[in-house]
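Coordinate inspection notes
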Amino acid sequence: MINGSIVSEYSLSLDGANDYVDCGDPIITGTGDFTYSVWVKPNAVDGDIGGNYGTGNTGGVQFYYQNSGKFTIYIGSFVQSSIYTVVDTWYHVVFTRASGSVTIYVNGVADGTGTLSGSITGDHDFIIGAQTTTNYFNGSVDEASIWDAALDADAVAAVYNS
């Protein structure tokens, strides 16, 4: 249950200083379609909520909560959500890429689009909660999922409502 207390009791709590999860291997690579879905409750603005990076932090994919209060995906360039979010609130965030077209969904609704068709060549492990060993996320994370396909709007809404 996301909007109730159960998630708060069992989600992963990251302190923004040195906590992260190393998932092993650069999970998202190439030019193919993908979906990254995650529930987040930021305690502060600015921090990475997932990604695998290349040497010198180039060539990878980065999903982060920007200091503007927007969710952002970076693959050589960036696409942001349009709404300004607030800390201490749960958000379901989904990043999809289908044939180079990127969509960011916030709470089941498309909220940012753009084109990021570059190849993801990041050779670092996929990490939740940091950018390799910097830009730590301060907040809670739950139900992080990755698909090797781009979920459509109906599937994103179904995940949000489940």
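Please read all numbers here as calculations on a predicted model, not as lab measurements. (Residues numbered from 1 in each chain as written. Predicted model: local features only at pLDDT ≥ 70, side-chain atom pairs only at ≥ 80, totals over all residues. Heavy atoms only, no water.)

Observations regarding the pairing of strand 5 (residues 61-65)
Cut-off, in case you're wondering: Here's how the labels work: a residue is buried when its accessible area is under 20% of the maximum for its type, exposed when over 50%, partly exposed in between, all with a 1.4 Å probe on protein chains only. Secondary structure elements are defined from DSSP: runs of H or I of at least 4 residues count as helices, runs of E of at least 2 residues count as strands, and each element is numbered from the N terminus. The pairing criterion is simple: DSSP has to find at least two bridges between the two strands.
Counting buried residues along strand 5, five of its five residues qualify, which places the element largely inside the surrounding structure. Covered by surrounding structure in strand 5 are Val61, Phe63 and Tyr65 together with Gln62 and Tyr64, the residues of both alternating faces. Of the strand pairs in this sheet, strand 4 (residues 47-52) and strand 5 are connected by five bridges, and their pairing is antiparallel. Opposite glycine 51, over in strand 5, you have glutamine 62 as the bridge partner. Bridge count for strand 5 against strand 6 (residues 71-74) is four bridges, and the pairing is antiparallel.

Some details on the side chain of histidine 92
For clarity, the cut-off: Any pair of nitrogen or oxygen atoms within 3.5 Å is treated as a polar contact; in protein, a donor-acceptor pairing is required on top of that, and neighbouring residues in sequence qualify only through side-chain atoms on both sides. A contact between two residues is defined here by any heavy atoms of the two lying within 4.5 Å.
Mapped onto the fold, histidine 92 is located in strand 8 (residues 91-98). You can call histidine 92 buried: its relative accessible area is 1%. For histidine 92, the side chain forms a polar contact with the side chain of serine 37, separated by 2.9 Å. Beyond its immediate sequence surroundings of up to four residues, histidine 92 is in contact with Ser37, Val38, Trp39, Tyr105, Val106, Asn107, Val156, Val159 and Tyr160.

What to know about the packing of aromatic side chains
This is how it is decided: Pairing of aromatic rings covers Phe, Tyr and the six-membered ring of Trp, with a centre-to-centre limit of 6.5 Å; geometry is then stacked below 30 degrees between planes, edge-to-face above 60, and tilted otherwise.
Counted by the stated rule, this structure contains 10 aromatic pairs. Seen from their ring centres, tyrosine 36 and phenylalanine 126 are 5.5 Å apart, and the 70° between their planes marks the pair as edge-to-face. With tyrosine 36 in strand 3 (residues 34-42) and phenylalanine 126 in the loop between strand 10 (109-115) and strand 11 (127-128), this pair connects stretches of sequence that are 90 residues apart. No difference in accessibility class separates tyrosine 36 from phenylalanine 126, as the two residues are buried. Between the aromatic rings of tryptophan 39 and tyrosine 160, the centroid separation amounts to 5.7 Å while the plane-to-plane angle is 20°, which identifies the pairing as stacked. Of the two residues, tryptophan 39 sits in strand 3 while tyrosine 160 sits in helix 2 (residues 153-161), which places them 121 residues apart along the sequence. Using a relative accessible area of 2% as the deciding quantity, one classes tryptophan 39 as buried. For tyrosine 160, a relative accessible area of 24% corresponds to the partly exposed category. Feature note: the residues Phe34, Tyr36, Phe63, Phe95 and Phe126 constitute an aromatic cluster, connected by ring pairs.

Describing the environment of isoleucine 28
Among the secondary structure elements, isoleucine 28 is positioned in the loop between strand 2 (21-22) and strand 3. A residue is classified by how much of its surface remains accessible, and isoleucine 28, at 4% relative accessible area, is buried. Taking the C-alpha atoms as reference, isoleucine 28 lies 8.7 Å from threonine 121; in sequence the two are 93 residues apart. Apart from the residues within four sequence positions on either side, isoleucine 28 is in contact with Phe34, Asn52, Val61, Phe63, Ile120, Phe126 and Ile146.

Regarding the nonpolar core
General note: in soluble globular proteins, nonpolar side chains tend to be found buried as a group. The test is simple: We define a nonpolar core as any set of buried Ala, Val, Leu, Ile, Met, Phe, Trp, Tyr and Cys residues linked to one another through side-chain atoms lying within 4.5 Å.
Core analysis: the largest hydrophobic core is formed by 26 residues, its most contacted members being Val40, Phe63, Phe71, Ile73 and Phe95. Broken down by secondary-structure element, the contributors of at least two residues to this core are strand 3, strand 5, strand 6, strand 8 and strand 9 (101-106). In terms of residue count, the dominant contributor to this core is strand 3 (four residues). When neighbours within four sequence positions are excluded, phenylalanine 95 is seen to be in contact with Phe34, Thr35, Tyr36, Ile49, Phe63, Phe71, Thr72, Ile73, Thr103 and Ile104.

Brief notes about the confidence of the model for the protein chain
As a reminder, the rule being used: Confidence scores per residue from the predictor, reported as pLDDT, run from 0 to 100.
Chain-level pLDDT for the protein chain is 89 on average; 92% of the residues reach the 70-or-more range. When the elements of the protein chain are averaged for pLDDT, helix 1 (residues 6-10) gives the smallest value, 59, and strand 8 the largest, 97. This model gives residues 3-7 a pLDDT under 50, and the stretch forms six contacts once residues within four places in sequence are excluded.

A look at the environment of alanine 130
For alanine 130, the location among the structural elements is in the loop between strand 11 and strand 12 (138-147). Judged by its relative accessible area of 0%, alanine 130 falls in the buried class. If sequence neighbours within four positions are ignored, alanine 130 has contacts with Tyr20, Asp48, Tyr53, Asn135 and Tyr136.

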